[in-house]
Amino acid sequence: MKNLIIASTSTLHGSRYLEYILDELASLFKEAKTILFIPYARPGGISHDEYTEKAALAFSKIDKKVVGIHTYKNPFEAVKNAEAIFTGGGNTFVLVNQLYKNDLITVLKETVTNGTPYLGTSAGSNICGLTIKTSNDMPIVYPPSFNTLGLVPFNINPHYLDPDTKSKHMGETRETRIKEFHSYNTLPVIGLREGSWLRVKYNSIVLSGDLTARIFECNKTPYEVESGTQLNHLK
């Protein structure tokens, strides 16, 4: 019964917040009047209220109301009773730490698995994988666990960047970092480029958007998949 969009980013260069994907979101959330927003990732350290206002402005364009989970006395019940859920980007470790602190990991997984429509962007997408070990974020807080929702049977690397052959930077590339991950872990990882998303419906996982994605499997050469590709085989 899953019904998710797992997006690499909330904002494309030259466009406004969520603008590039609003048509998809109108379809995803067509049955919902109110969206429960989880602002815990706090990009740039902004407040929960500021972040919620930003999300509310974007969703007003498709006639949806947004309410921040931080305004509820009982966030557990807020998730359980939500018509729809959006978890925004920011720092993945901050997000996961707060989800564990409020005892929301299990109820969020169960609620989304049972059919409540869900949008995740960036950090909100990272938590849809099995762990957050392939996040790009600095571990500025220490959550009780790196294990997350497991709504898809692999890990995600949002904002995936290809090596720039013209750059003089000698530091590690994203591909190098993921190879390091596979020295200690066997989970597949999907590198989602900006403007790409995964459309998850029931048992189907499809790459969407205009770009290819890069797939990393342990002890295999990385490879590209085209938009429209089913990714259910990644386990």
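Residues numbered from 1 in each chain as written. Predicted model: local features only at pLDDT ≥ 70, side-chain atom pairs only at ≥ 80, totals over all residues. Heavy atoms only, no water.

Engineer: What's the story with the pairing of strand β5 (residues 118–121) in this structure? I'm lost.
Structural biologist: Each regular strand shows side chains that alternate between the opposite faces of the sheet. On β5, burial covers both faces: Tyr118 and Gly120 on one face and Leu119 and Thr121 on the other are all buried. Judged from the 4 bridges that link them, strand β1 (residues 3–7) and β5 form a sheet pairing that is parallel. If you follow Ala7 over to β5, its bridge partner there is Thr121. (Buried < 20%, exposed > 50% of the residue type's maximum accessible area, 1.4 Å probe, protein only. Helix = DSSP H or I, 4+ residues; strand = E, 2+ residues; numbered from the N terminus. Pairing = 2+ DSSP bridges.)

Engineer: Mind showing me how you'd approach the side chain of Thr87 here?
Structural biologist: Mapping Thr87 onto the fold places it in strand β4 (residues 85–87). The class of Thr87 is buried, set by a relative accessible area of 0%. At 3.1 Å, the side chain of Thr87 and the side chain of Tyr118 are in polar contact. Dropping the residues within four chain positions of it, Thr87 is found in contact with Ile38, Leu95, Tyr118, Leu119, Gly120, Thr121, Gly124 and Ile127. (Polar contact = N/O pair within 3.5 Å; in protein donor to acceptor, adjacent residues only side chain to side chain. Contact = heavy atoms within 4.5 Å.)

Engineer: Help me understand the packing of aromatic side chains, please; the structure alone is not making it clear to me.
Structural biologist: Geometrically, a pair of aromatic rings is defined through the distance of the ring centres and the angle of the planes. Using the criterion set out here, one finds 8 aromatic pairs in the structure. Plain terms: the ring middles of Phe59 and Phe86 are 5.8 Å apart, the flat faces sit at 65° to each other, and that makes the pair edge-to-face. You can see Phe59 sitting in helix α2 (residues 48–60) and its partner Phe86 sitting in strand β4, a full 27 residues away along the chain. The exposure classification of Phe59 matches that of Phe86, with both residues buried. Put simply, the rings of Phe29, Phe37, Tyr51, Phe59 and Phe86 pair up and form one aromatic cluster. (Phe/Tyr/Trp six-rings, centres within 6.5 Å; stacked < 30°, edge-to-face > 60°.)

Engineer: Mind showing me how you'd approach the pattern of salt bridges here?
Structural biologist: Two side chains that carry opposite charge are able to pair once their charged atoms sit near each other. One pass over the structure, following the stated rule, counts 7 salt bridges. For the salt bridge of Arg193 with Asp162, the shortest nitrogen-to-oxygen distance reads 2.8 Å. In this pair, Arg193 is assigned in the loop between β7 (189–191) and β8 (197–201) and Asp162 in the loop between β6 (155–157) and α7 (174–181), connecting sequence segments 31 residues apart. Overall, the relative accessible area of 11% leaves Arg193 in the buried class. In this structure Asp162 comes out as partly exposed when scored by relative accessible area, which is 42%. The salt bridge involving Glu180 is made with Arg177; its shortest N-O contact spans 3.2 Å. Taken as a pair, Glu180 and Arg177 lie in helix α7 at a separation of 3 residues, close to a single helical turn. Classification of Arg177 as partly exposed rests on a relative accessible area of 46%. What emerges from the salt-bridge pattern is a single network uniting Asp162, Glu175, Arg193, Arg214 and Glu224. (Salt bridge = Lys/Arg side-chain N within 4 Å of Asp/Glu carboxyl O.)

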